[in-house]
Amino acid sequence: EFLNDFSTYPSDFKIVIPYLIASVVHHRETICNILPSTHPVFLSRFWRSAMQEKLRDYILPPCRMHCDVTGMQASGVPPVTSLQHEFHSFGDTLLQKLSTTQPITRNDFQTLSTEIRCEIRESVASALAINTSQQSSTLQQSAVSLHS
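Residues numbered from 1 in each chain as written. Predicted model: local features only at pLDDT ≥ 70, side-chain atom pairs only at ≥ 80, totals over all residues. Heavy atoms only, no water.

Remarks on the side chain of arginine 28
Heads up, the rule is: Numbered from the N terminus, helices here are DSSP runs of H or I no shorter than four residues, and strands are runs of E no shorter than two. Accessible area is worked out with a 1.4 Å probe on protein chains only. A residue is then buried under 20% of its type maximum, exposed over 50%, and partly exposed in between. We call two N or O atoms a polar contact when they sit within 3.5 Å, provided that within protein one can donate a hydrogen and the other can accept it, with sequence-adjacent residues counted only if both atoms are side-chain atoms. Working rule for contacts: check all heavy atoms of both residues, and any pair within 4.5 Å makes them a contact.
Inspection of the secondary structure puts arginine 28 in helix H2 (residues 28-34). Among the residues examined, arginine 28 registers a relative accessible area of 12% and is labelled buried. Looking at arginine 28, its side chain comes within polar contact range of the side chain of glutamate 53, at 3.3 Å. With sequence-adjacent residues up to four places away left out, arginine 28 is seen in contact with Trp47, Gln52, Glu53 and Arg56.

Spelled out as structure tokens, the structure:
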């Protein structure tokens, strides 16, 4: 165990801890390259146990925007990351469809091409709508703050 008294942590914080650990694991090379070797993080139980190396294969790609298990949603995400997530999800769907397809005909390729175009249009529209909504919300919050 590398987290002392984990059982006493507030339940809401327990949900966040895997994300904090995942971030450290994902950025471990950058952390090693930027921080001096004498930095306290390298003295932590987590680092000394080489846990960041043991967990690296369990980390999901960084473009995942939502966790179905915890219900946590990424926030403060740049539009390009939202698009990356949409295309990644689309790629998973496409691979699944291709793996279950029986012998492919010319008509199948035309149908697939049409579906791909529709999916891309929907993904881009969705990502732009999310970004517009986030910007609108931020502007409204800023306006309220200025008037207060």
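Right, picking up where we left off after that structure.
Section: the environment of leucine 3
Residue position: leucine 3 is located in the segment before helix H1 (11-26). Put simply, leucine 3 and serine 44 are 41 residues apart on the chain and 10.0 Å apart in space, counted from C-alpha to C-alpha. The residues contacting leucine 3, other than those within four sequence positions of it, are Tyr9, Ile17 and Ile21.

Details of unusual backbone geometry
Working note: non-glycine residues mostly have negative phi, and peptide bonds are mostly trans. Positive phi values are uncommon outside glycine, yet alanine 50 reaches one of about 60°. Checked against the element boundaries, alanine 50 lands in the loop between helix H3 (45-48) and helix H4 (51-54).

What about the nonpolar core?
Cut-off, in case you're wondering: Among buried residues, those of type Ala, Val, Leu, Ile, Met, Phe, Trp, Tyr and Cys that are joined through side-chain atoms within 4.5 Å constitute a nonpolar core.
Counting residues in each nonpolar core, the largest one holds 8 residues, listed as Ile17, Ile21, Val25, Ile31, Phe42, Phe46, Trp47 and Met51. Only H1 and H3 provide two or more residues apiece to this core. With 3 residues, the top contributor of residues to this core is H1.

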